[in-house]
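# Architecture and fold: a report
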Amino acid sequence: MENDDIERAGRLILASKYVVSLTGAGVSVESGIRPFRGPGGLWTEYGEPPMDGYQRFLADPKADWERRIKKEGYARELYKTLSKAKPNPAHCALAELEELGILRYLITQNVDNLHRAAGSEKVAEIHGNFSKLRCVQCNTRYETEEISLETLPPHCSRCGGIIKGDTVMFGEPIPTDVLKICQEETGKCDCMLLVGTSAFVYPAAGFPREVKGKGGVLIEVDLYETEITPFCNISLRGKAGEVLPQLVECIKVKLQETGSPL
Ligand code: APR
């Protein structure tokens, strides 16, 4: 990856009105969390999970909760890694970009809570958050420790609906409240910074395509070529934890030269 690609990306970002970032598993790989696809991916090893996980949950929520509590197979490995993971320089760079007033919103497909842990505040977790629970009826979120597991499945204190993990299951509709935010932010976006996503799973994969379709700019940070690479104005090839700090540094230098947009 050439340095002038970073320069060009910095210029494009500063010339944009409303920058939104879409991140995927690749942004957390340097925090020790495996991606899903490509080298070292969970699904590369175990195969893509069946698309009816949510339907199976609804058919027998008690049994699903018992499996969740037992945590077998890769779910156990993933939960252990998520619980001890810390933000890496990529998460910190995106939080700094928000603090500088450059990054207006961050849509993440990750459930690892690392963007918030790094200090990002304007975050939409489109696939949920592993540390939370959610009522399937009214979308109320709960901290895990708030809910007693005496009886399974637990029920929502507000509406009586069934409570499940906040992480969106395969086959589960994206919760309407977070989907609305993602759609609104994508609607306002004229430059999308894609970090560590194969841009394969919808509806998230549709957001960059929508931005491109209305003449917006796409900048990608990824170790490898992806399905969205051909649509990107710039593709910064490298590790997110190395590329993003360079991009933020370059933007800060330009802001000093031309004055901050804040
Ligand atoms: N730096 C930058 N990019 C990286 C790095 C890294 N260190 N390591 C891997 N990548 C890239 C890979 O090349 C790939 O393009 O990150 C991307 C990860 O893609 P996926 O594993 O498919 O993750 P993601 O795009 O987030 O998947 C979307 O699929 O299974 C569902 O719910 C799951 O949210 C997930 C969704």
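Cut-offs applied
Residues numbered from 1 in each chain as written. Predicted model: local features only at pLDDT ≥ 70, side-chain atom pairs only at ≥ 80, totals over all residues. Heavy atoms only, no water. Buried < 20%, exposed > 50% of the residue type's maximum accessible area, 1.4 Å probe, protein only. Helix = DSSP H or I, 4+ residues; strand = E, 2+ residues; numbered from the N terminus. Contact = heavy atoms within 4.5 Å. 1 Å grid on protein atoms, 1.4 Å probe; cavity = no way out; pocket = protein on both sides within 12 Å on 5 of 7 lines; lining within 4 Å. Points joined across faces, edges and corners; volume = space filled by probe spheres on them. Nonpolar A, V, L, I, M, F, W, Y, C, P; charged D, E, K, R; others polar. Phe/Tyr/Trp six-rings, centres within 6.5 Å; stacked < 30°, edge-to-face > 60°. Lys NZ or Arg CZ within 6 Å of the ring centre and 35° of its normal. Near = heavy atom within 4 Å. Polar contact = N/O pair within 3.5 Å; in protein donor to acceptor, adjacent residues only side chain to side chain. Areas by Shrake-Rupley, 256 points an atom, 1.4 Å probe, with all protein chains shown as cover.

### Points about helix α4 (residues 61–70)
Of all the positions in α4, only P61, A63, D64 and W65 are classed as buried. Of the surrounding elements, those touching the buried residues of α4 are α3 (53–59), β4 (132–135) and β6 (163–165). Where α4 ends, the next residue or the one after it, K71, has phi of about 50°, a positive value.

### Here we look at empty space enclosed by the protein
One pass over the structure, following the stated rule, counts 1 cavity of 30 Å³ or more. Considered as a void within the structure, the largest cavity measures approximately 30 Å³ in volume. Surrounding the largest cavity, I33, R34, L42, E77, L78 and T81 form its lining. For the lining of the largest cavity, the element with the highest residue contribution is helix α5 (residues 73–84), accounting for 3 residues. Partitioned by chemical class, the residues of the lining of the largest cavity number 3 nonpolar, 1 polar and 2 charged.

### Some details on the packing of aromatic side chains
In this structure the tally under the stated criterion is 6 aromatic pairs. Judged by centre distance (5.0 Å) and plane angle (35°), the rings of F36 and W43 are tilted. On the basis of an interplanar angle of 70° and a centroid distance of 5.8 Å, the ring pair of Y79 and F130 is categorised as edge-to-face. Of this pair, Y79 sits in helix α5 while F130 is found in the loop between β3 (123–125) and β4, placing the two residues 51 residues apart along the sequence. Residue classification places F130 among the buried residues on the basis of a relative accessible area of 16%. Linked through ring pairs, F36, W43, Y46, Y74 and F170 together constitute an aromatic cluster. Positioned above the aromatic ring of Y79 is the side chain of K71, whose terminal nitrogen or guanidinium carbon lies 4.3 Å from the ring centre.

### Regarding the site of the ligand
The local shell around the ligand holds 23 residues, among which F36, R37, W43, S198 and D222 are the closest. Interatomic distance of 3.1 Å between a backbone N/O atom of Q109 and an oxygen atom of the ligand. The separation between a nitrogen atom of the ligand and a polar main-chain atom of L223 is 3.4 Å. Its free accessible area being 730 Å², the ligand has 93% of it covered by the protein chains. Across the shell around the ligand, the residue classes break down as 10 nonpolar, 9 polar and 4 charged.

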